[in-house]
Amino acid sequence: MLRNFLKPKSAAAFFIVAALLFAVCLPTQKVLAITSTNESSQKIFSKSALNGFCISYTHSVNKGRVRDFFRVEDDRLKIFKTEFPSYGAGMPELQETPGATFKIADDAFLMEYERDVGEKFFLAVGILARHSIEIDGKEIFLEDFFAPQTRLEFQVKRISCAELFFAKIRKRVL
């Protein structure tokens, strides 16, 4: 009698646990994932970056900080503005970017345009460039998470609640 009583409860408990595990492992959380192409376990995530982010680096020729502004539309990455402190060799030219407008601000030059970068783009963490990502006004240097010269993939993707939870524990969520 006891055996018959436990079977339905055991089966129900099994299905409840299985459903919870399935729900936690289902990729439902949309994030910007920054992943090392050398070691895919090395990654950081940001949900806030889906509202826009900026990648900054020190230009190799004029030594000023260049800022590229991105937004996410339909899971695609789009660059829409570049800001640089001085104009000279190696800086973007209007002729190179059809449809771009050039503006001079108080302390920077701005080139505004719209370019669909695609579903992902790659960047190598520079030794002298000090690449950083700015999200919600907070600047995070990529060398704090990845070794110099690491090739990174930036991509909008869906991850599970479990993966996001464990990334938060490891302080890999921006």
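Everything quoted here is computed from the prediction, not taken from an experiment.

Reading guide: rules and limits
Residues numbered from 1 in each chain as written. Predicted model: local features only at pLDDT ≥ 70, side-chain atom pairs only at ≥ 80, totals over all residues. Heavy atoms only, no water. Helix = DSSP H or I, 4+ residues; strand = E, 2+ residues; numbered from the N terminus. Buried < 20%, exposed > 50% of the residue type's maximum accessible area, 1.4 Å probe, protein only. Contact = heavy atoms within 4.5 Å. Areas by Shrake-Rupley, 256 points an atom, 1.4 Å probe, with all protein chains shown as cover. Phe/Tyr/Trp six-rings, centres within 6.5 Å; stacked < 30°, edge-to-face > 60°. Lys NZ or Arg CZ within 6 Å of the ring centre and 35° of its normal.

Focus: the overall build of the protein chain
Okay, so step 1: Looking only at helices and strands, the protein chain has two helices and 11 strands in total.
Okay, so step 2: In the protein chain, which comprises 174 residues, the proportion classed as buried is 39%.
Okay, so step 3: Taking the intrachain contacts of the protein chain between residues at least 6 apart in sequence as the baseline, contacts between residues at least 24 apart amount to 60%.
Okay, so step 4: Summed over all atoms, the accessible surface of the protein chain reaches about 10,600 Å², with 57% contributed by carbon and sulfur.

Considering unusual backbone geometry
Okay, so step 1: Backbone geometry at D74 places phi at a positive 50°, although glycine is not the residue there.
Okay, so step 2: Here D74 falls in the exposed class, since its relative accessible area comes to 74%.
Okay, so step 3: Residue K171 is not a glycine yet carries a positive backbone phi of 60°.
Okay, so step 4: The residue K171 is located in the segment after helix 2 (161–169) in this model.
Okay, so step 5: Residue classification places K171 among the exposed residues on the basis of a relative accessible area of 66%.

Remarks on the packing of aromatic side chains
Okay, so step 1: Evaluation of the coordinates by the stated rule reveals eight aromatic pairs.
Okay, so step 2: With a centroid separation of 5.3 Å and 70° between ring planes, the pair formed by F165 and F166 is classed as edge-to-face.
Okay, so step 3: Using a relative accessible area of 48% as the deciding quantity, one classes F165 as partly exposed.
Okay, so step 4: Through a chain of ring-to-ring contacts, three or more aromatic side chains come together here, namely F53, F70, F121 and F154.
Okay, so step 5: Sitting over the face of the ring of F69, K81 holds its NZ or CZ atom 4.5 Å from the ring centroid.
Okay, so step 6: For R130, the ring lying beneath its charged end belongs to F141, and the centroid distance is 4.0 Å.

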